[in-house]
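Letter by letter, the chains look like this.
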Amino acid sequence: MANGISERTPQIIAAEINSIKDQTGRMLLYSSVEIGRRLTEAKSIVNHGEWGKWLENSVSYSQSTANKLMRLFEEYEAKLTAGQDSSNSESIPNLSYTQAIILWGIPEEEQESFMAEHDVASMSTRELKQAVRERDQALNEKAELQNALTANQGAVTEITSERDELRKQASGLQAAIHTKELTIKTLQGKMDSAKEGEASAGKIAALEKDIKAARIKLSAKKVSFLYNNITNEFEELLKELTKLAPADPEAHEKYKSEVSGLIGKIAGRL
């Protein structure tokens, strides 16, 4: 007997205790499911409005405790029954009562895959809670990333639309400028022909007037084109300066000062 006692170690005793704890937890889960089954049955036949009173007087349960037990029945009864009716013991959830409660934090349709990825049966309560938290965190990060990608895609689409619109406007202005340049060239040719053909002074004066008017319109188109380009580029510059401010305040102040100085020089030259 002495030798038997001396062969027992703290590690062996701890293993036995943990084994008993695991068995107790699984028995508690099975018993809780069975209690939940009967509570569900009782609720269907107890008179309306008397459920809370019946729980208190008959089984000393609060409604929140009864709801928890009935939920355990709803979630695990089918699996337990399948395990009892089949030789496949894997159908029975190898969980303790506490583990089953923790897994409520995961949607039922995802619990099976979660349990396949983690050795839930051998995990402590702390480890299981941490695994569930890490899963939730990963899902949140994934959702945030997807939201960011969606927002960025929207921004890219908006920028692309603005770019295309600017290109369209620039193309129209360039076409108008080109038309005015052709008009001036045509009028200049007529002027040269008129001078060579000794046309009347009135005709030549009229052509000179038309050429002058065409050049004024050409200048106006060029000013409009350049002004629009400057305006668009300035707006883009302001956007980039705004983004730069929190990322690099020093560079932001530097370029802000330089832009202000440039605006002052431009205003002075005007």
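In this report, the structure presented in the accompanying data block is examined. No experiment lies behind these values; they were computed from the predicted model shown.

On to the overall build of the protein chain. Counting its secondary structure elements, the protein chain contains nine helices and zero strands. For the protein chain, the α and β elements follow one another from N to C terminus as α-α-α-α-α-α-α-α-α. Counting over 270 residues, the protein chain shows a buried share of 20%. Of the contacts formed within the protein chain by residues at least 6 apart in sequence, a portion of 58% connects residues at least 24 apart.

This part is about the side chain of His252. The residue His252 is located in helix α9 (residues 249-269) in this model. Exposure remark for His252: the relative accessible area of 14% places this residue in the buried category. Non-local contacts of His252, meaning those with residues more than four positions away in its chain, are made with Leu241, Leu244 and Ala245.

Further remarks concern helix α2 (residues 10-45). Think of an α-helix as 3.6 residues a turn; residues three or four steps apart then line up on the same face. In this model, α2 (36 residues) spans 52 Å end to end at C-alpha, consistent with the 52 Å of a helix rising 1.5 Å per residue. All of the buried residues in α2 are Gly25, Leu29, Ser32, Val33, Glu34, Gly36, Leu39 and Ala42.

Ranked by internal contacts, the top residues of the largest apolar core, which has 25 residues, are Trp51, Leu72, Tyr76, Leu103, Phe114 and Leu128. Those elements that place two or more of their residues in this core are α2, α3 (51-59), α4 (63-85), α5 (97-102) and α7 (125-196). Here this core gets six residues from one element, more than from any other, and that element is α4. With near-sequence residues (within four places) excluded, Trp51 lies in contact with Leu39, Ala42, Lys43, Val46, Gln63, Ala66 and Met70. Counting eight residues, the second largest nonpolar core, distinct from the first, contains Ile177, Leu187, Leu207 and Leu218.

Turning to its location among the elements, Arg215 is positioned in helix α8 (residues 201-247). When the C-alpha atoms of Arg215 and Ile184 are compared, they prove to be 6.9 Å apart, with 31 residues separating the residues in sequence. With sequence-adjacent residues up to four places away left out, Arg215 is seen in contact with Ile184 and Gln188.

What follows concerns the environment of His178. Tracing the backbone shows His178 in helix α7. Sequence-wise, His178 and Lys221 are 43 residues apart; in three dimensions their C-alpha atoms are separated by 9.9 Å.

A separate point is the pattern of salt bridges. With the rule as written, the count across this model stands at five salt bridges. In this structure, Arg135 engages Asp136 in a salt bridge whose closest nitrogen and oxygen atoms are separated by 2.7 Å. Judged by relative accessible area, which is 16%, Arg135 ranks as buried. Linked by salt bridges that have partners in common, Glu34, Arg37 and Arg38 make up one network.

Packing of α2 against α3 leaves a shortest axis separation of 10 Å and a crossing angle of 135 degrees. Classified by the angle their axes make, α2 and α3 are oblique. Relative to α3, α2 is oriented so that their crossing is right-handed. Facing α2, whose interface residues are Leu39, Ala42 and Lys43, α3 presents Trp51, Trp54 and Leu55. Of the residues in the contact of α2 with α3, the class split is five nonpolar, no polar and one charged.

Conventions and cut-offs
Residues numbered from 1 in each chain as written. Predicted model: local features only at pLDDT ≥ 70, side-chain atom pairs only at ≥ 80, totals over all residues. Heavy atoms only, no water. Helix = DSSP H or I, 4+ residues; strand = E, 2+ residues; numbered from the N terminus. Buried < 20%, exposed > 50% of the residue type's maximum accessible area, 1.4 Å probe, protein only. Contact = heavy atoms within 4.5 Å. Expected span 1.5 Å × (residues − 1). Core = buried A, V, L, I, M, F, W, Y, C linked by side-chain atoms within 4.5 Å. Salt bridge = Lys/Arg side-chain N within 4 Å of Asp/Glu carboxyl O. Axes fitted to C-alpha atoms, helices over the stretch in contact; angles between N-to-C directions. Parallel < 35°, antiparallel > 145°, perpendicular 65-115°, else oblique. Left-handed = near helix turned anticlockwise from the far one by under 90°. Nonpolar A, V, L, I, M, F, W, Y, C, P; charged D, E, K, R; others polar.

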